[in-house]
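Architecture at a glance
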Amino acid sequence: MSVLKYFDLYFKLISAGVRAQLQYRFAFVMRIVGLITSYTGTAVTMWIMLYQFQELGSWTFYEMLFLFAVAVLSWGFCIILFFHFRGLDTYILNGTFDRFLVRPINPFFHFMAMKFDVASFGQFIFSIGIFIWVSFELQLDWTIGKSFFLLLSVVGGILIQGGLLVIISALAFWTTKSEQFYWVAMFPARNLTNYPLVIYPKAVQWFTAFVIPFGFVNYFPAAVLLEKETPFFPENIGYYSPLVGIVFFAIAYYIWMLGLKRYKSTGS
Amino acid sequence: MPIIEVEHLMKDFMIAKRETGFLGAVKSLVKREHIKKEAVKDISFSIKEGEMVGYIGPNGAGKSTTIKMLTGILVPSSGSVKVNGIIPYENRQENAKNIGVVFGQRTQLWWDLPTIESFELLKEIYQVSDKRFKENMDTFTEILGLDEFLNTPVRQLSLGQRMRADIAASLLHDPQILFLDEPTIGLDVVAKEKMRTFIKEINNERKITVILTTHDMEDIEKLCERMILIDHGQKVYDGEIAVVKERFGKTRTLIVDLEESPHNLQLKGGEAFKEEASRFWIRFNRDEVSASELIAQITQTHNIKDLTVEEPAIESIISRIYQEGYQDLPEIVKV
Amino acid sequence: MFRFRLYWTFTKKAFLRSAVYRFDVWSRLGSNLIFLLMWGSIWTALYAGREEAGGVSFESMLTYIVVSQFLSGVNGAGTPLWEIQEKVRTGDISLELMRPFDVPLRYLFADFGSVAFYILTALLPLYTVMFIFMDLTLPSAWETWILFIVSAFIGFLIRYCIEMAFGLLSFFLVETGGIVDVFYFAMSLLSGSVIPLWFFPGWLEKMALYLPFQGIYYIPNAIFIGKISGTEILLSLGVQLFWAAASYLLLRFVWNHASQKIVVQGG
Ligand SMILES: Nc1ncnc2c1ncn2[C@@H]1O[C@H](COP(=O)(O)OP(=O)(O)OP(=O)(O)O)[C@@H](O)[C@H]1O
Ligand SMILES: [Mg+2]
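Residues numbered from 1 in each chain as written. Chains lettered and ligands numbered in written order. Predicted model: local features only at pLDDT ≥ 70, side-chain atom pairs only at ≥ 80, totals over all residues. Heavy atoms only, no water.

As annotated in an unreviewed UniProt entry, chain C carries the name ABC transporter permease and is attributed to Sporosarcina globispora.

Chain A is annotated in an unreviewed UniProt entry as ABC transporter permease from Sporosarcina globispora.

Given below as structure tokens:
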């Protein structure tokens, strides 16, 4: 099937998914409200923290908000595209995963197009609101170049976080568990990166830069945009964000396919 | 030219020794202790275009595993599979275009969407032309009565409706081969009958090759001329159903109601294997003794109130075979 | 009559069951550690080398955070909120209404079992090691230890009642997403679990002091590091007891309405 045909198919599959989700309209609205509430909660926590202390590892409140908003924005897209990957274990356990293998299309693509969680409007409303507010407060000068860079690093962030979700889901092919790995590893790790990495021990910083490259989701790009230093790391390392995203996602895809191969020989 | 060719097919599963807990899960990432389970052991058969074959066997025999290898979901441990000239596990997507699959136990439709939308999505996935889609939908709607629930979300369908929708969905792209893994499971008598009629019809009119697994022998009796019987992953019979019936059908059961209830009933050529109040079930071989001879024997000592002679259905034949072993089966195919 | 023996069985059963679900135990401990790392680093960076801030030494502050993470491990080891909601949705809870015991109490006692298992096998060993190897301040008087344990226990009860009450809201609402998020927000911020109340802006501190959440983390933590001492402790315990009673009444209120609803409408 041609790439164009795949795009067309993706669009059709996800719009079906959206219609399915919108059947539960009240739940949908409540989720958006809930998401905005909890992100606001984190922002308020940051505010109180810096109410007394002014700075966290040389980052001010508004800079931290900005850092946070970059993470929320790419996570929002990530939820739309990849969040359901964490539930792959359930599909395998109750046998519904087989359906992706009896159809004449790429199973990764098919699984990816299975859901499209539009409740992440919550993330968009929140992060865009924050961007506007912070831009005023810090008098950020949004040149075309900078906007374009933000866009690219959000893409990088989506690929990195999406890639991790894909890897976590692939674990289900080996261990029959994935959802739990999300809650043990990725959820706390995402919380960790809401704050500037510079405050963490060096080993942790190193890990989040080069093993699971969460640093490239928000810390490095935000440092570039806000012209802040990133001690222990080369200056402007943030420019590599999109590239890191592509590489990491490619690795994740490869691991997933490896897992699928294993599934096809073990059936579970 | 056979459309499906299976030779010396094997599938082993490595069943991990159950390790619970986090450490177990982490440990199992590195190293696992396994027990080998041979789900399919050396099965060979070939199926001609347009045939309808019943693939039967007791629970855990390896039916679903075979179907999964034929559809490309599983890779065989050894042996060869060819479906329409394609090796399914190597060319899964190509193979998928030629086949339709229904797993009776679980739906392949979009759970939360109105049924019609699942059909429309499958149309896109299989790239069915508008014209063909419409023709097929019209036909299926007419035979299966889909219109009564086309706008209902799949999750609200009754089991019978869901199964009808599922089988229609599997045929939208005009596959040449249809795999049905327990297509009548959980259906009521009328729904089963409708399902059978439909399967028969598409096999007759569209010349679709059908492989069907089921635990309902009536499905087999009404639909298939040929059956492949497997157990513990091995083929124990492959041939006409009529032959099995002929062989085992020689055993008849005579049921008599007597006026009094004697302690036991000794008959030449017949064996009373069950009794209840004054009713007796007598098994006999048609070749050795006739029913009227038996009746004559009984009337010498007792008064018969009522009687019937039962021919065994394939159902009871198979259940006897499952229980008593396969040594009496005609022409056991050893490959 | 309170049949302690019966409820004790639930405790024992839950304790033994936890051993089977070891994956859960370790995964909880893993994420607990990551959060400890996060908050420890944040407070280290906030103090930025200062000896003290807001009248509290850095060492005490770090102790506060470690104790707080310990308690959040304890509080997180019971039946989680989503599981209560799931039980409501699937009707498990409704079925239990037919059984001869009180459902909220049954879950409380079961939680005692799983929490005890988690504390003994995971939290205690880990945090003991942490207290040995890190520069943290331990209370010197044994009375303080006792008071801390009592206070932490009351805090556990307050949290249980409030969380259960929120969970039971699923009986009345199809989707509780937004409300649950408010609950989590209050649980993490207003309880003082990550920022002690004395660092709050005045108005917010006042607000937090009038709410039950401070009884869950703030009071036991503050007792542990000696921020609250002397007769103040008794006063704080009194406040906690008041909130424990109040949240128990809230839970009773919600539960009565919920069970009414099950009886009348079949769930
Ligand atoms: N993914 C798997 N991993 C390990 N063992 C499996 C797996 N799938 C099937 N088995 C085992 O292989 C054997 C054959 O299973 P299969 O599902 O093919 O049986 P079946 O004939 O379809 O039975 P049923 O009539 O109950 O559906 C069983 O013993 C089963 O436990
Ligand atoms: Mg089966």
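1. Let's talk about empty space enclosed by the protein
For the record, the criterion: Two kinds of site are reported from a 1 Å grid over the protein atoms alone, namely cavities, where a 1.4 Å probe fits but cannot get out, and pockets, open sets with protein on both sides within 12 Å along at least five of seven lines, and residues are called lining when an atom falls within 4 Å of a point. Grid points are joined across faces, edges and corners, and a volume is the space filled by probe spheres set on the points. Counting from the N terminus, the helices are DSSP H or I runs at least four residues long and the strands are E runs at least two residues long. Think of it as three bins: nonpolar holds Ala, Val, Leu, Ile, Met, Phe, Trp, Tyr, Cys and Pro, charged holds Asp, Glu, Lys and Arg, and polar takes everything else, Gly as well.
Summed over the entire model, instances satisfying the criterion amount to four cavities of 30 Å³ or more. Estimates place the volume of the largest cavity at around 90 Å³. Forming the walls of the largest cavity are Val 102 and Arg 103 of chain A together with Gly 100, Val 101, Gln 108, Leu 109, Leu 122, Tyr 126, Asp 166, Ala 169, Ser 170 and His 173 of chain B. The dominant element in the lining of the largest cavity, judged by the number of residues it contributes, is helix 6 (residues 159–171) of chain B, at three residues. There is about 40 Å³ of room inside the second largest cavity. In terms of lining residues, the second largest cavity is bounded by Gly 95, Thr 96, Asp 98 and Arg 99 of chain A together with Phe 103, Arg 106, Thr 107 and Gln 108 of chain B. Class assignment of the residues belonging to the lining of the second largest cavity gives a composition of one nonpolar, four polar and three charged.

2. Quick notes on unusual backbone geometry
Residues and elements named next belong to chain B. The backbone of Asp 42 shows a phi angle near 55°, a positive value even though the residue is not glycine. Mapped onto the elements of the fold, Asp 42 is located in strand 2 (residues 34–48). Phi is positive for Asn 84, which is not a glycine, with a value near 55°. Topologically, Asn 84 is positioned in the loop between strand 4 (78–83) and helix 3 (92–98).

3. Let's talk about the UniProt feature "transmembrane region" (unreviewed entry) in chain C
Residue and element names in this part refer to chain C. The following threshold applies: UniProt positions are given in the numbering used here, feature names are shortened, and annotations may be inferred rather than shown by experiment.
In the numbering used here, UniProt assigns the feature "transmembrane region" (unreviewed entry) to residues 29–49, 61–84, 105–133, 145–162, 207–226 and 233–255. Between the C-alpha atoms that bound residues 29–49 the distance is 29 Å, and the span itself is 90% helix and 0% strand. Within residues 207–226, the helical portion is 55% and the strand portion 0%, while the C-alpha atoms at the span's ends are 23 Å from each other.

4. What about the sheet that holds strand 10 (residues 251–258) of chain B?
Residues and elements named next belong to chain B. The test is simple: Any two strands are treated as partners once DSSP identifies two or more bridges connecting them. Where helices are involved, their axes are fitted lines through C-alpha atoms of the stretch in contact, as for all axes, and angles between N-to-C directions lie from 0 to 180°.
Taken in spatial order, the four strands of this open sheet run 11-12-10-13, and their pairing is antiparallel. This sheet does not close on itself; its edge strands, each paired only once, are strand 11 (270–276) and strand 13 (304–310). When strand polarity is set aside, the average angle formed by the axes of neighbouring strands in this sheet is 20°. Here seven bridges tie strand 10 to strand 12 (residues 279–285), and the two strands are oriented antiparallel to one another.

5. Section: the interface of chain A and chain B
Note on interface size: it is often stated as the accessible area lost on association of the parts. Selection rule: Any two residues having at least one pair of non-hydrogen atoms within 4.5 Å are treated as being in contact. Think of a salt bridge as a Lys or Arg side-chain nitrogen and an Asp or Glu carboxyl oxygen that are within 4 Å of each other. Polar contacts, as used here, are pairs of N or O atoms within 3.5 Å; protein pairs need one atom able to donate a hydrogen and one able to accept it. Residues neighboring in sequence count only if both atoms are side-chain atoms.
In this assembly, 35 residues from chain A lie in contact with 33 residues from chain B. Scanning the region where chain A abuts chain B turns up four salt bridges. The salt bridge involving Lys 12 of chain A is made with Glu 124 of chain B; its shortest N-O contact spans 3.4 Å. At the boundary of chain A and chain B, one finds 14 residue pairs in polar contact (both at pLDDT 80 or more). For the side of chain A that touches chain B, the secondary structure elements donating two or more residues are helix 1 (3–22), helix 5 (107–112), helix 7 (144–175) and helix 11 (241–266) of chain A. Looking at the side of chain A that touches chain B element by element, the count peaks at nine residues for helix 1 of chain A. When the residues that make up the side of chain A that touches chain B are grouped by side-chain class, the tally is 16 nonpolar, 10 polar and nine charged.

6. Considering the nonpolar core
This is how the line gets drawn: Working definition of a nonpolar core: buried Ala, Val, Leu, Ile, Met, Phe, Trp, Tyr and Cys residues. They are joined through side-chain atoms within 4.5 Å. Each residue gets one of three labels from its accessible area relative to the maximum for its type: buried under 20%, exposed over 50%, partly exposed in between, using a 1.4 Å probe on protein chains only.
The biggest cluster of nonpolar side chains holds 278 residues, and the ones touching the most others in it are Phe 97, Tyr 195 and Trp 256 of chain A, Ile 4 and Phe 119 of chain B together with Trp 39 and Trp 43 of chain C. Residue contacts for Trp 43 of chain C: discarding those within four places in its chain leaves Phe 53 of chain A together with Phe 58, Met 61, Ile 65, Val 194, Ile 195, Pro 196 and Phe 199 of chain C. Judged by nonpolar contacts, the second largest core, of 11 residues, contains Leu 254, Val 256, Leu 265 and Phe 284 of chain B.

7. Some thoughts on the environment of Leu 265 of chain B
Residue and element names in this part refer to chain B. Within the secondary structure, Leu 265 is located in the loop between strand 10 and strand 11. Note on Leu 265: relative accessible area 10%, which makes it buried. Separated by 17 residues in sequence, Leu 265 and Ile 282 place their C-alpha atoms 9.3 Å apart. Here Leu 265 is in contact with Leu 258, Ala 272, Phe 280, Ile 282 and His 302, once residues within four sequence places are set aside.

8. Re the site of ligand 1
Residues and elements named next belong to chain B. Heads up, the rule is: We call a residue near a given molecule or strand whenever any one of its heavy atoms falls within 4 Å of it.
Ligand 1 sits among 16 residues. The nearest are Gly 60, Lys 63, Ser 64, Thr 65 and His 215. At 2.7 Å from an oxygen atom of ligand 1 is found a side-chain nitrogen or oxygen belonging to Ser 64. For ligand 1, an oxygen atom lies 3.3 Å from a polar atom in the side chain of Glu 182. Looking at the shell around ligand 1, the elements with two or more residues in it are strand 1 (2–16), strand 2 and helix 2 (63–71). Residue contributions to the shell around ligand 1 peak at three residues, all from helix 2. For the shell around ligand 1, the class distribution of residues is four nonpolar, nine polar and three charged.

9. Examining helix 1 of chain A
Stated precisely, the cut-off is as follows: Multiplying 1.5 Å by the residue count of a helix minus one yields the expected span of that helix.
With 20 residues, helix 1 of chain A extends 28 Å from end C-alpha to end C-alpha; this agrees with the ideal 28 Å at 1.5 Å per step. Among the residues of helix 1 of chain A, Tyr 6, Leu 9, Tyr 10, Leu 13, Ile 14, Ala 16, Gly 17, Val 18, Ala 20 and Gln 21 of chain A are the ones counted as buried. Of the surrounding secondary structure, the elements contacted by the buried residues of helix 1 of chain A are helix 2 (25–53), helix 3 (61–82) and helix 5 of chain A together with helix 3 and helix 4 (115–125) of chain B.

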